[in-house]
Amino acid sequence: MQNKYCPDITVIRDIDYLGSDREEKMDAYLPSSKYSGPHPAIVLIHGGGWRLSDKAAEREVRIGNDLASNGYAVFSINYLLNIGEKDADGNLKLSRLAWPQNFYDCKSSVRFLRLNAKDYNLNPDRIAVMGGSAGGHLAMMVGSTIYHSAFNQQGLYTNQSNAVSCILNFYGDFDIRGRRVSPFAGAMGKITANNERDASPVTWIDSNTAPMFITHGTLDKTIPVERSRFLVQHLNQLGLNYTYVEIAKGQHSYDLHPEQMDLEATVLTFLGQYL
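Residues numbered from 1 in each chain as written. Predicted model: local features only at pLDDT ≥ 70, side-chain atom pairs only at ≥ 80, totals over all residues. Heavy atoms only, no water.

A. Just the packing of helix α2 (residues 101–115) against helix α3 (residues 134–144), in detail. Direction vectors running N to C along α2 and α3 enclose 60°, while the axes themselves pass 10 Å from each other. Where α2 crosses over α3, the handedness of that crossing is right-handed. Counted together, Asn102, Phe103, Cys106, Lys107 and Val110 of α2 and Leu138, Met141 and Val142 of α3 form the full contact between these two elements. Partitioned by chemical class, the residues of the contact of α2 with α3 number six nonpolar, one polar and one charged. (Axes fitted to C-alpha atoms, helices over the stretch in contact; angles between N-to-C directions. Helix = DSSP H or I, 4+ residues; strand = E, 2+ residues; numbered from the N terminus. Left-handed = near helix turned anticlockwise from the far one by under 90°. Contact = heavy atoms within 4.5 Å. Nonpolar A, V, L, I, M, F, W, Y, C, P; charged D, E, K, R; others polar.)

Structure follows, in structure tokens:
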């Protein structure tokens, strides 16, 4: 497919990574022929509060092209979303709860790439997971549950490893417990509490968690920057490898080029070290 951003990058739309019966698909951004491969791969998970947005949103398209231009094969995915509406008080009423299928979809994407590495000229031992906001949360969940068997037999292609080399978390929340309006609400309060515990990366982050790149804007009104500061403290306590970049006056939702500070070189340095 012709790529209006970077003509030398190959874009493959709507790959059936979850099977032909699922609406959720994957888009691939493959490097030009000057990068011989096999390529390191990055699963890119869009944000949108677990119920909005798309794999082909402008932010994801730009990230896919930026990273593919530097020799990385990027696979932007859709995953099962919540369905619901907000009432007059701003409370979200769900008619479909995506958890935990949204998480299993993300794990399945990693396994799919490992299973089909030869088809896309990938190095199956060099796969990263990346996302912003809700996508950052899901990326952390994928990267922090590698060795937890309760999760690893869920989703597709379970005969493949779901290990990742590193995590890139753009302004995602590592602890989603206790929200006034929960995107993980069950039929009863106890179910909601259990969902929020199981869906919080803080529950699973341990000494096996992959190195993490974290960035957050100080003026983020959707997910306060304090959430990433708490995450950094937690990673420090565990002695884990991470890179944290705080964007002064940055707000919610940006790609590799927020107006306050260009992140591309820092992200590439992180990927060069860990992927």
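From this point, the discussion proceeds with the structure in view.
B. Fine view of the side chain of arginine 59. Examined against the element boundaries, arginine 59 turns out to sit in helix α1 (residues 58–68). Under the relative-accessibility criterion, arginine 59 is labelled buried at 13%. For arginine 59, the side chain forms a polar contact with the main-chain oxygen of tyrosine 254, separated by 3.1 Å. Excluding anything up to four places from it in sequence, arginine 59 contacts Gly131, Gly132, Phe170, Tyr171, Ser253, Tyr254 and Asp255. (Buried < 20%, exposed > 50% of the residue type's maximum accessible area, 1.4 Å probe, protein only. Polar contact = N/O pair within 3.5 Å; in protein donor to acceptor, adjacent residues only side chain to side chain.)

C. Region of the structure containing the layout of surface pockets. Of the voids in this model, the largest pocket is the one considered here, and its volume is about 440 Å³. Along the walls of the largest pocket sit 17 residues, with Gly49, Lys86, Arg179, Val181 and Pro183 positioned nearest its centre. A class-by-class count of the residues in the lining of the largest pocket yields seven nonpolar, six polar and four charged. (1 Å grid on protein atoms, 1.4 Å probe; cavity = no way out; pocket = protein on both sides within 12 Å on 5 of 7 lines; lining within 4 Å. Points joined across faces, edges and corners; volume = space filled by probe spheres on them.)

D. Quick look at the packing of aromatic side chains. Scanning all chains against the criterion turns up 16 aromatic pairs. Relative to tyrosine 157, the ring of phenylalanine 112 lies with its centre 5.9 Å away and its plane at 55°, an arrangement referred to as tilted. Here phenylalanine 112, found in helix α2, pairs with tyrosine 157, found in the loop between α4 (149–152) and β8 (166–170); they are 45 residues apart in sequence, far enough to count as distant. Its relative accessible area of 23% is what places tyrosine 157 among the partly exposed residues. Here the aromatic residues Trp50, Trp99, Phe103, Tyr104, Phe151, Phe184 and Trp204 are joined through ring pairs into a cluster of three or more. (Phe/Tyr/Trp six-rings, centres within 6.5 Å; stacked < 30°, edge-to-face > 60°.)

E. Structural view of the sheet that holds strand β4 (residues 73–77). The eight strands lie next to each other as β1-β2-β4-β3-β7-β8-β9-β10, forming an open sheet whose pairing is mixed. A strand with exactly one partner marks an edge of an open sheet, and here the two such strands are β1 (10–15) and β10 (242–247). Taken pair by pair, the neighbouring strands of this sheet meet at an average axis angle of 15°, ignoring direction. With four bridges connecting them, β8 and strand β9 (residues 212–217) associate as parallel partners. Each residue of the ladder has a partner; that of isoleucine 167, found in β9, is methionine 212. Packed onto the sheet, α1 meets β2 (26–30), β3 (39–45), β4, β7 (122–132) and β8 and runs at close to 30° relative to β2. (Pairing = 2+ DSSP bridges.)

F. Representation of empty space enclosed by the protein. By the definition in use, this model includes one cavity of 30 Å³ or more. As a volume, the largest cavity reaches approximately 30 Å³. Per-class residue counts for the lining of the largest cavity are two nonpolar, six polar and one charged.

G. Examining the pattern of salt bridges more closely. In the structure shown here, the tally under the stated rule is 14 salt bridges. Between aspartate 173 and arginine 227 there is a salt bridge, with its nearest N and O atoms 3.1 Å apart. Residue aspartate 173 is found in the loop between β8 and α5 (189–198), and its partner arginine 227 is found in helix α7 (residues 226–238); the two are separated by 54 residues along the sequence. Residues glutamate 226 and arginine 229 are paired through a salt bridge, measuring 3.7 Å at the closest nitrogen-oxygen approach. Here glutamate 226 and its partner arginine 229 are both found in helix α7, three residues apart, which amounts to about one turn of the helix. Overall, the relative accessible area of 36% leaves glutamate 226 in the partly exposed class. A cluster of three or more residues bridged by salt bridges with shared partners is formed by Arg13, Asp14, Asp27 and Lys55. (Salt bridge = Lys/Arg side-chain N within 4 Å of Asp/Glu carboxyl O.)

H. Expanded view of the side chain of aspartate 66. Checked against the element boundaries, aspartate 66 lands in helix α1. In this structure aspartate 66 is buried but unpaired, with arginine 62 as the nearest side chain of opposite charge at 6.9 Å. A distance of 2.9 Å separates polar atoms of two side chains, one belonging to aspartate 66 and the other to histidine 257. Not counting chain neighbours up to four residues away, the residues in contact with aspartate 66 comprise Leu256, His257 and Glu264. (Lys, Arg positive; Asp, Glu negative; His and termini not counted.)

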